[in-house]
Amino acid sequence: MHLNFENKTYLIMGVANKRSIAWGIAQELDKAGAKLIFSYSKERSAKGLVKLAADLSDLNKEAPMVKCDVTSDEDITTAVTELKEKVGTLNGIVHSVAFANKDFLGDDYSAVDRASFAQALDISAYSFTAIIRAAKLADLLAENASLLTLTYLGGERVIQNYNLMGIAKAALESSVRYLASEYGPTGVRVNAISAGPIRTLSARGVGNFSESQKMVEERAPLRRVTTVEEVGTTAVFLLSDMASGITGENIHVDSGYHIIGY
């Protein structure tokens, strides 16, 4: 068995700009020969995606795009219907969608209000379940499809200035396990990648982010931060048939930092 993405199509959700982890994954999939389709939540995001895609291979420089506001069941249903019309079948989904009110990332976690808690869980965790369910109901997923989401160590451990998002990531990681159990009998795999601190647009909302990266450089076994490319190549493996026996896992791509206990 080898990496073979010929005639395989993957939906990429959550590309904000060229620094996005989702974009790094898209670039690696493009190099591997996969066909891509992107989702976006707002029109301004679509314009940015068009510019980014222009730098991809001829196969994807004019990749199809669909609008999908993950907070709306109606929008998700419409997006899935459009995906079915555009590509027929998806061999995988890359979910890199998350949001939490930055007012509740620092200080005391218990200060979070009900609305912000619900919003963070809805966008960061439930959206993964919602898109998978809709895709399955629409018979959009191919046999042996691979579904992938992005998380962070703050979902497993207390990380300073991550509070509310950590709770949301914990829910997302638990969802991965339950979805893997539910969809496994159909051949569909569900996994997560826990990436180390990478300077993305969303990372700007995390206080003392530079200190987090410095700590990784000082303490991680590899003594360096993780790159977007490393997350991208790991994603390619998990999305490929070479990872056919892996599901329900949370793969850490963080230079080994998660194993350190001090």
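See above for the structure.
By convention here, each chain's residues receive numbers from 1 onward along its written sequence. For a predicted model such as this one, the threshold for reporting local features is a pLDDT of at least 70, and the threshold for listing and counting side-chain atom pairs is 80 or more; totals across whole chains, interfaces and linings nevertheless cover every residue. Hydrogens are left out, water is left out, and the side-chain values use all remaining heavy atoms of the structure.

Caption draft 1: Highlighting the overall build of the protein. Counting secondary structure elements, the protein contains 7 helices and 7 strands. Tracing the protein from N to C terminus, the helices and strands come up as β-α-β-α-β-α-β-α-β-α-β-α-α-β. For a compact globule of 262 residues, the expected C-alpha radius of gyration is about 18 Å, and the protein comes in at 18 Å, within 12% of that figure. Structurally, the protein occupies a C-alpha span of about 45 × 40 × 40 Å along its principal axes. We call a residue buried when its accessible area falls under 20% of the maximum for its residue type, exposed when it is over 50%, and partly exposed in between, using a 1.4 Å probe and counting protein chains only. Within the protein, buried positions represent 51% of all 262 residues. Under the convention used here, a 1.4 Å probe and the Shrake-Rupley method define accessible areas, while residue burial counts only the protein chains that appear. Surface summary for the protein: the accessible area is close to 12,800 Å², and the carbon and sulfur share equals 49%. The positive charge centre, built from 27 side chains, and the negative charge centre, built from 31, are 4 Å apart in the protein. Think of it this way: any DSSP run of H or I at least four residues long counts as a helix, any run of E at least two long counts as a strand, and we number them from the N terminus. Within these notes, the globule rule equals 2.2 Å times the number of residues to the 0.38 power, and the radius of gyration is based on C-alpha atoms. Neither His nor the chain ends is counted toward charge; the positive residues are Lys and Arg and the negative residues Asp and Glu. Charged side chains are reduced to one point each, which is NZ for Lys, CZ for Arg, CG for Asp and CD for Glu.

Caption draft 2: Layout of the sheet that holds strand β7 (residues 250–253). Strand order in this open sheet of 7 strands is β3-β2-β1-β4-β5-β6-β7, and the pairing throughout is parallel. Taken across any chain shown, the strands that pair with only one partner, and hence form the sheet edges, are β3 (65–67) and β7. Recorded for the sheet is a direction-independent mean angle of 20 degrees between the axes of neighbouring strands. The sheet contact formed by strand β4 (residues 90–95) and strand β5 (residues 141–151) spans 5 bridges and is parallel. In the strand pairing of β5, Val 94 is matched with Leu 148. Contacts are assigned to residue pairs that have any heavy atoms within 4.5 Å of one another. In this description, a line fitted to the C-alpha atoms serves as the axis of each element, helices being fitted only across the stretch in contact, and the angle between N-to-C directions of two axes falls anywhere from 0 to 180 degrees. Those strands touched by helix α2 (residues 43–53) are β2 (35–40) and β3, and its axis lies near 155 degrees from that of β2. Across the face of the sheet, helix α7 (residues 228–239) comes into contact with β1 (9–13), β4, β5, β6 (189–195) and β7 while running at roughly 170 degrees to β6. DSSP bridges decide pairing: two strands pair if at least two such bridges lie between them.

Caption draft 3: Molecular detail of the side chain of Asn 91. As for its position among the elements, Asn 91 is in strand β4. Setting aside residues up to four positions removed in sequence, Asn 91 forms contacts with Asn 7, Lys 8, Thr 9, Tyr 10, Ala 142, Ala 145 and Ser 146.

Caption draft 4: Quick look at α7. Its 12 residues place the ends of α7 16 Å apart at the C-alpha level, agreeing with the 16 Å of an ideal helix rising 1.5 Å per residue. Here α7 has its buried residues at Val 228, Val 231, Gly 232, Thr 234, Ala 235, Val 236, Leu 238 and Leu 239. Looking at the buried residues of α7, the elements they touch are β1, α1 (21–31), β4, β5, β6 and β7. What a helix should span is 1.5 Å times the count of its residues minus one.

Caption draft 5: Representation of the packing of aromatic side chains within the structure. Under the pairing criterion, centres of Phe, Tyr and Trp rings, with the six-membered ring standing for Trp, must be within 6.5 Å; the plane angle then separates stacked pairs below 30 degrees from edge-to-face pairs above 60, leaving the rest tilted. Within this structure, the stated rule accounts for 3 aromatic pairs. Arranged with centres 6.1 Å apart and planes meeting at 35 degrees, the rings of Trp 23 and Phe 38 form a pair that is tilted. Taken together, the residues span a long stretch of sequence, with Trp 23 in helix α1 and Phe 38 in strand β2 at a distance of 15 residues.

Caption draft 6: Spatial organisation of the pairing of β1. The element β1 is largely enclosed, with a buried count of 5 among its 5 residues. The alternating pattern of β1 places Thr 9, Leu 11 and Met 13 on one face and Tyr 10 and Ile 12 on the opposite face, and all of these are buried. With 5 bridges joining them, β1 and β2 adopt parallel strand pairing. Bridge pairing in β2 links Thr 9 to Lys 35. The β-α-β motif built from β1, the intervening α1 and the parallel element β2 has right-handed crossover chirality. Across 4 bridges, β1 lies against β4 in parallel orientation. Bridging from a neighbouring strand, Leu 11 pairs with Ile 93 of β4. Crossover handedness is defined here as right-handed if the route from the first strand over the helix to the second strand goes clockwise, with the strands pointing away from the viewer.

Caption draft 7: The arrangement of the pattern of salt bridges in detail. The term salt bridge refers to a pairing of a side-chain nitrogen on Lys or Arg with a carboxyl oxygen on Asp or Glu at a separation within 4 Å. On inspection of all chains with the given rule, the structure shows 6 salt bridges. Taking the shortest distance from any N to any O, the salt bridge between Glu 28 and Lys 31 comes out at 3.3 Å. A residue pair is termed a helical-turn pair when its members lie 3 or 4 positions apart in one helix, as Glu 28 and Lys 31 do in helix α1 at 3 residues. Across the pair Lys 61 and Asp 58 runs a salt bridge whose closest N-O atoms are separated by 3.2 Å. Exposure remark for Lys 61: the relative accessible area of 36% places this residue in the partly exposed category. Relative accessible area serves as the criterion here: at 68%, Asp 58 is assigned to the exposed category.

Just distances and angles here, no functional claims.
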